[in-house]
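# What the coordinates show
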Amino acid sequence: MEHKIVIGSITYALKAKDILNGNGYKAHIERKTSEYKNGCGYAVKFDGDVIRAKEILLNSNVKIIKTI
Amino acid sequence: MIYFDNAATSGVKPISVIKAVDNALKNLSANPGRAGHKAALMTSFAVYKVREKVSDFFGGGGAQNVVFCANCTLAANFVVKGVLNFEDHVIISDLEHNAVLRPIAKTVDNLDIAEVCFSDDAITVENFEKLIKPNTKMIFCTAASNVTGKILPLEKIGKLCKEKGILFAVDAAQAGGVIPIDMEKMNIDYLCVAGHKGLLAPMGTGVLIARKPIGRTVIEGGNGIDSLEVFQLPILPEGFESGTISVPDIMGLGAGIDYVKNRGIEKIYEKEMFLIKRLYRKLSEIKNIILYTPFPEIYEFAPVLSFNISGKHSEETADFLDKNGIAVRGGFHCSKLAHNKLKTTDTGTVRVSPSFVNTVSEIDYLVSILKKG
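Before going into details, it helps to say that this report is about the structure given with it.

Definitions and limits used
Residues numbered from 1 in each chain as written. Chains lettered and ligands numbered in written order. Predicted model: local features only at pLDDT ≥ 70, side-chain atom pairs only at ≥ 80, totals over all residues. Heavy atoms only, no water. Helix = DSSP H or I, 4+ residues; strand = E, 2+ residues; numbered from the N terminus. Contact = heavy atoms within 4.5 Å. Areas by Shrake-Rupley, 256 points an atom, 1.4 Å probe, with all protein chains shown as cover. Lys, Arg positive; Asp, Glu negative; His and termini not counted. Charge placed at Lys NZ, Arg CZ, Asp CG, Glu CD. Pairing = 2+ DSSP bridges. Axes fitted to C-alpha atoms, helices over the stretch in contact; angles between N-to-C directions. Salt bridge = Lys/Arg side-chain N within 4 Å of Asp/Glu carboxyl O. Buried < 20%, exposed > 50% of the residue type's maximum accessible area, 1.4 Å probe, protein only.

Attention now moves to the overall build of chain B. Regarding its fold elements, chain B presents 12 helices and 13 strands. Reported as C-alpha extents along the three principal axes, the dimensions of chain B are approximately 70 × 55 × 30 Å. In chain B, 65% of the contacts between residues at least 6 apart in sequence involve partners at least 24 apart. Of the roughly 15,000 Å² of accessible surface on chain B, 54% is carried by carbon and sulfur atoms. Of the charged side chains in chain B, 42 are positive and 41 negative; the average position of the first set lies 4 Å away from that of the second.

If you want it as structure tokens, here you go:
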């Protein structure tokens, strides 16, 4: 099942992508404005265990705005 | 023209740097961190990779800690104006460039200046320690003086800061790409780097690496994040990159770092110091030449040397050398404090700063011209 985690900046989105890919996910970046109420942000999109993905990112100090 | 003014900016950029800039102008024209189309993401990724390179090179703790800015001066301003408050006490060295002195003097009420000892680092560290007060928030010092070349004992000062719970900021304008700097090992919280000197990138490249947060934004505007919010959050790195960043210059910086790493930072430094040591020895044999530091031992000095011809203003000497095809910088080098220390506020000094592409015969030619003059 496809998941998206909204992350504020492109830098952190790219960091999140690298971290997830390093943990066995196949993550991609996309622009996310419709689900992000503050106006502009990026999301990492991936298939797989979203709870594990969130934990990995939080442990790597990546701030998660929203999970879709 | 023999270019001996690399402390101002590196005179020769490697072909790989030029190619990286050219490639970016041709193939990375989209604005990074704004849109979501392929071109924007490709440029964003390229910029991210350079952030990673910068962080790896300096022990910066991750790409997210790397802020690109126009120059090292701006990086210093971000640290000072983003971190310090009026009531804070700050200690700087007596060799600081105006890029550090001026923003601090404008921002804090309480500033002390520690004397650097050219021949004994332990005394330098003691001089910093003596000035620490209960409200000391930060030590901000140069890694290497742009006037004298003196390298400060960063690891020892960093250790002092860690023991005392004080923030440690470093101006590495003359040291980035010249001597190894490891922020983690040296306990450096904020590192300000000039991309266009030792890292051989174009002018217009500066970097701030922040391993600790910066509490306030300094320049606000569009940064591709939270566009519907009025107030910009000081989140690294984009919180400090308002407006469009210079992608071609950043690609040049990435290529410059690769060049220095591949060539070997120690090898480059040793070559440059060989030239400076040769110059120092030859100048010390000329009667009317004034030198201002002890002999520049390796890892105690960066490849920067100041001198004067007795009885002449430094600008006069620099002009004379220019007429003989040699580029040096005369005057005060944007460093009031260094010239106060050397007691050269009347004459300034002539500064020679070779690069690894300069040669022994160019140094010898400089000496021969000075002997004639």
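So that's the structure; there's more coming.
All names here are of chain B. Sheet architecture is open: four strands sit in the order β9-β10-β13-β12, paired in antiparallel fashion. At either end of the open sheet lies a strand with only one pairing partner, and these are β9 (289–291) and β12 (329–331). Within this sheet the neighbouring strands show an average axis-to-axis angle of 30°, counted without direction. Sheet analysis places strand β10 (residues 305–309) next to strand β13 (residues 349–352), joined by three bridges and oriented antiparallel. Looking across to β13, one finds that Ser306 is bridged to Arg351. Across the sheet, helix α9 (residues 265–283) lies against β9, β10 and β13, angled at about 25° from β10, the strand it touches most.

Attention now goes to the pattern of salt bridges. Taken as a whole and assessed by the stated rule, the structure comprises 17 salt bridges over all chains. Between B:Lys49 and B:Glu52 there is a salt bridge, and its shortest N-O distance comes to 2.8 Å. One end of the pair, B:Lys49, and the other, B:Glu52, are both in helix α2 (residues 38–58), three residues apart, so they sit about a helical turn from each other. B:Lys49 gets classed as partly exposed once you look at its relative accessible area, which sits at 32%. Notably, a salt bridge pairs B:Glu129 with B:Lys164, separated by 3.6 Å at the nearest N-O pair. A residue pair is termed long-range when its members are at least 10 positions apart, and B:Glu129 in helix α5 (residues 121–130) and B:Lys164 in helix α6 (residues 154–164) qualify at 35 residues. One network of salt bridges, in which partners are shared, links A:Lys4, A:Glu30 and A:Lys45.

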